[in-house]
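Structural overview for review
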Amino acid sequence: MTALLPIVLIFVVFYFLLIRPQQTRMKAHKEMLANVRRGDRVVTGGGIIGRVVKVGGDDDVSVEIAEGVRVKVLRSTITSIIAKTQPAKGERQGQQAASTVERKGLMDRLLSRK
């Protein structure tokens, strides 16, 4: 019985240091993918940055990577959301929020500070 105690303790430590945090990260990533909306700026697994133009079914998203260039990517390949659009209260306010996020990129914000 005494010989099994260190092995059990090692498994408990591994659970709390490795397995549980990974499950938390996976849950947060799954929630982020479920909340992807049109107008969000996203980064794909290949490092491509673009704006979500159309959210398809359960597993595909149409992303505009340059003006007039749209690609379909799997939702699971989206690694992060750079800029989140505000939820649209009305159609007009939603378009205004998307254009505001589009115009104010990171470099614009950094360069506009005095």
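Structure report, in brief.

Basis of the calculations
Along each chain, numbering runs from 1 in the same order as the chain's sequence is written. Residues qualify for local features only when their pLDDT is at least 70, as the model is predicted, and side-chain atom pairs are given and counted only at 80 or more; totals for whole chains, interfaces and linings, by contrast, use all residues. The side-chain numbers reported here are obtained from all heavy atoms of the structure, hydrogens and water having been left aside. We call two strands paired when DSSP finds no fewer than two bridges between them. Strands here mean DSSP runs of E at least two residues long; helices mean DSSP runs of H or I at least four residues long; both are numbered from the N terminus. Fitted lines through C-alpha atoms serve as axes, helices being fitted only where they are in contact, and the angles separating the N-to-C directions of these axes extend from 0 to 180 degrees. We call a set of buried Ala, Val, Leu, Ile, Met, Phe, Trp, Tyr and Cys residues a nonpolar core when their side-chain atoms join them within 4.5 Å. When accessible area is computed with a 1.4 Å probe and restricted to protein chains, residues below 20% of their type maximum are described as buried, those above 50% as exposed, and intermediate ones as partly exposed. Residue contacts follow a heavy-atom distance rule, with two residues in contact if any of their heavy atoms lie within 4.5 Å.

Some thoughts on the sheet that holds strand β5 (residues 78-83)
A sheet is described by the order of its strands in space; here 5 strands give the open sequence β4-β3-β2-β1-β5, paired in antiparallel fashion. Of all strands in the sheet, those with a lone pairing partner are β4 (69-74) and β5, marking the two edges. The average angle at which neighbouring strand axes cross in this sheet is 45°, direction not considered. In this sheet, β4 lies alongside strand β3 (residues 60-66) in antiparallel orientation, the contact comprising 6 bridges. Bridge pairing in β4 places valine 63 opposite valine 71.

Observations concerning the nonpolar core
Ranked by size, the top nonpolar core spans 9 residues in total: Met32, Leu33, Val36, Val42, Val52, Val61, Val63, Val73 and Ile78. Elements represented by at least two residues in this core include exactly α1 (4-34) and β3. Once you skip the residues sitting within four places of it in the chain, leucine 33 turns out to touch Arg75, Ser76 and Ile78.

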